[in-house]
Structures are given as structure tokens and as C-alpha cells.
Amino acid sequence: MASMGEILKLYTKCMNFAAVKHKDQRRKDQDGTPYINHPIGVAFILTEEAGIYDVPVLLASILHDTVEDTDTTFDEIEQHFGSHVRKLVEEVTDDKALPRDVRKSKQVENAAKSSYEARLVKLADKLYNLRDLQRCLPVGWTEKRREEYYKWAKEVVDNLRGTNAILEGALDEIFRSEHLI
Ligand SMILES: Nc1nc2c(ncn2[C@@H]2O[C@H](COP(=O)(O)OP(=O)(O)O)[C@@H](OP(=O)(O)OP(=O)(O)O)[C@H]2O)c(=O)[nH]1
Ligand SMILES: [Mn+2]
């Protein structure tokens, strides 16, 4: 069993790893918010709102966009955080080499096949991004694109249901406010 010190050490190493990897990346909002706010915010949704304290899930939530959006490799994730965390990050990583429409439909399909732990990360990721969309429209997005994102996100979430009532309840509140349910 890992001690509290060992867990805090690994968790802090993970936050530092993600911060370094995302250092030049910004969110798509007008203010150019640092990208790292997103993975940290996803982990914060899991602890603060969903009461999830599972260490591999929290590490995977912080790392969830490093391979997709930076030069990070799955081997590097495994080397620093072990094979379990690697597997979870693999489950939540889209292949950016694919065209967006293929990536988006694969995400709907893959949601249905994912593990319980990966589902938690996916639900919290969608919740963060949908709240962000309610806060402001990303630069260059039209209202129509925002609407399409909500509809697509609901298809993904519908394939993740039965995982966590708090996260699904918070997502449903957004879908209701967008008249999708
Ligand atoms: N709402 C919002 N999203 C932003 C912002 N800045 C960056 N993003 C990211 O943009 C992605 C959603 O935009 P899309 O156009 O649908 O996706 P794409 O960048 O992968 O093509 C999300 O990626 P993701 O986390 O990998 O999730 P996913 O939606 O791709 O599953 C989200 O984190 C922002 O200011 N607002
Ligand atoms: Mn994300």
C-alpha cells in the first residue's frame, strides 16, 4: 500500500508533467486561458463534485490530453506513471491523424466499450468542456458549431451512462438547458 506521502508525490509529479507538456498550449477562448486549466479542472470535477479519489483515475484525468495534444508518448506515460495509467490514457485519447468527423464518430463508438475508470474521465472531460462552451464561444466557432458539439457530446454521454449519477446528473442539467432532453 502506498503511503500518503508517496501518493502526494506521484500526484504532484503528474501535475508538473502535464503543466510542462501543455506549457505552450492555450484554450480556444478570447483570453487564451492556459490549457492546463482544463486537465486540472477535470480532475477537480472528479474529486470535488463526484467524490472520486481513485489515484489511477485522477492521474489519467490530469494526463488525458497530453498524448492527444502534445509530443507525449504512451511509453513516456508508462515509464513515469505505470501501465495501468497508460492504459487509461490510451482509452481516452483520440487519434488526431484521423479526420475530425471520423474521430468524432469513433468517440461515440468507443464510449460504449470503455472501462469504468475511463468512463469517469470521459464524463468529467465532457462536463468541463460543455460548461466551458456555456461560458463562452471558442474563437472562430459559430453558434451552429456550438449546437453540434452539444448534440455530439450527448451521443457520447448516452454511451457512458450508468457510470456515475452525479456526473451524469450535472451533464443532464446542461442537456436540459440546451433542450436536448
Ligand atoms: N469548450 C471549449 N473547448 C476547448 C476550448 N479550448 C480548447 N478546447 C478543446 O476543444 C475540443 C473540442 O473542440 P473540437 O473542435 O470539437 O475538437 P478538436 O479540437 O479535437 O477537433 C475539446 O477537446 P478534448 O478535451 O480533447 O475533448 P473532446 O471534445 O475532443 O472529446 C476541448 O478541450 C475552449 O475554450 N472551450
Ligand atoms: Mn479534454
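Criteria and cut-off values
- Residues numbered from 1 in each chain as written.
- Chains lettered and ligands numbered in written order.
- Predicted model: local features only at pLDDT ≥ 70, side-chain atom pairs only at ≥ 80, totals over all residues.
- Heavy atoms only, no water.
- pLDDT = per-residue confidence, 0-100.
- UniProt positions renumbered as here; feature names shortened; annotations may be inferred.
- Helix = DSSP H or I, 4+ residues; strand = E, 2+ residues; numbered from the N terminus.
- Core = buried A, V, L, I, M, F, W, Y, C linked by side-chain atoms within 4.5 Å.
- Buried < 20%, exposed > 50% of the residue type's maximum accessible area, 1.4 Å probe, protein only.
- Contact = heavy atoms within 4.5 Å.
- Polar contact = N/O pair within 3.5 Å; in protein donor to acceptor, adjacent residues only side chain to side chain.
- Donors = N, O, S within 2.8 Å, 3.2 Å for Na, K, Ca; no water.
- Near = heavy atom within 4 Å.
- Areas by Shrake-Rupley, 256 points an atom, 1.4 Å probe, with all protein chains shown as cover.
- Nonpolar A, V, L, I, M, F, W, Y, C, P; charged D, E, K, R; others polar.

A. Representation of the confidence of the model for the protein chain in the model. Put simply, the protein chain has an average pLDDT of 97, and 100% of its residues get 70 or more. Predicted complex, confidence summary: ipTM 0.98, pTM 0.98.

B. Structural detail: the UniProt feature "domain: HD" (unreviewed entry) in the protein chain. Per the UniProt record, "domain: HD" (unreviewed entry) is found at residues 35–130. Between the first and last C-alpha atoms of residues 35–130 the distance is 15 Å; the span itself is 76% helix and 0% strand.

C. Examining the nonpolar core more closely. If you look at the biggest cluster of nonpolar residues, it comprises 47 residues, and the most contacted ones within it are Leu-46, Leu-63, Ile-77, Leu-130 and Leu-167. Counting only elements with at least two residues in this core, the list comes to helix 1 (4–21), helix 2 (37–49), helix 3 (55–63), helix 5 (74–91), helix 6 (100–113), helix 7 (116–135), helix 8 (143–158) and helix 9 (165–177). Looking at this core, the element that brings in the most residues is helix 7, giving nine residues. With residues up to four places along the chain from it excluded, the contact list for Leu-46 reads Gly-51, Ile-52, Val-57, Leu-58, Ser-61, Leu-120, Ala-124 and Leu-167.

D. Focus on the environment of Arg-86. Structurally, Arg-86 can be placed in helix 5. When the C-alpha atoms of Arg-86 and Arg-161 are compared, they prove to be 24 Å apart, with 75 residues separating the residues in sequence. Residue contacts for Arg-86: discarding those within four places in its chain leaves Phe-74, Asp-75, Ile-77 and Glu-78. Looking at Arg-86, its side chain comes within polar contact range of the side chain of Asp-75, at 2.7 Å.

E. Focus on the coordination of the manganese ion (ligand 2). The protein atoms that coordinate the manganese ion (ligand 2) are His-38 (NE2), His-64 (NE2), Asp-65 (OD) and Asp-125 (OD), at distances of 2.2 to 2.3 Å. One chain supplies every donor to the manganese ion (ligand 2), and in sequence these donors are spaced H-x25-H-D-x59-D. On the criterion of sequence distance, the pair formed by Asp-65 in the loop between helix 3 and helix 4 (66–69) and Asp-125 in helix 7 is long-range, its members being 60 residues apart. This pair shows no difference in class: Asp-65 is buried, exactly as Asp-125 is.

F. Structural view of the environment of Lys-151. Along the chain, Lys-151 falls in helix 8. The exposure class assigned to Lys-151 is partly exposed, which follows from its relative accessible area of 46%. Distance from Lys-151 to Leu-180, taken between C-alpha atoms, is 7.3 Å for residues 29 residues apart in sequence.

G. Structural view of the site of ligand 1. Taken together, 22 residues surround ligand 1, and among them Arg-27, Lys-28, Lys-126, Arg-145 and Tyr-149 come closest. Within the side chain of Arg-103, an N or O atom sits 2.8 Å from an oxygen atom of ligand 1. Between ligand 1 and the protein, one listed contact pairs an oxygen atom with a side-chain N or O atom of Lys-126 at 2.6 Å. For ligand 1, the accessible surface in isolation is 670 Å², of which the surrounding protein chains cover 94%. Secondary structure elements with two or more residues in the shell around ligand 1: helix 6, helix 7 and helix 8. In terms of residues, the shell around ligand 1 owes the most to one element, helix 7, which gives five residues. Partitioning the shell around ligand 1 into residue classes produces six nonpolar, three polar and 13 charged.

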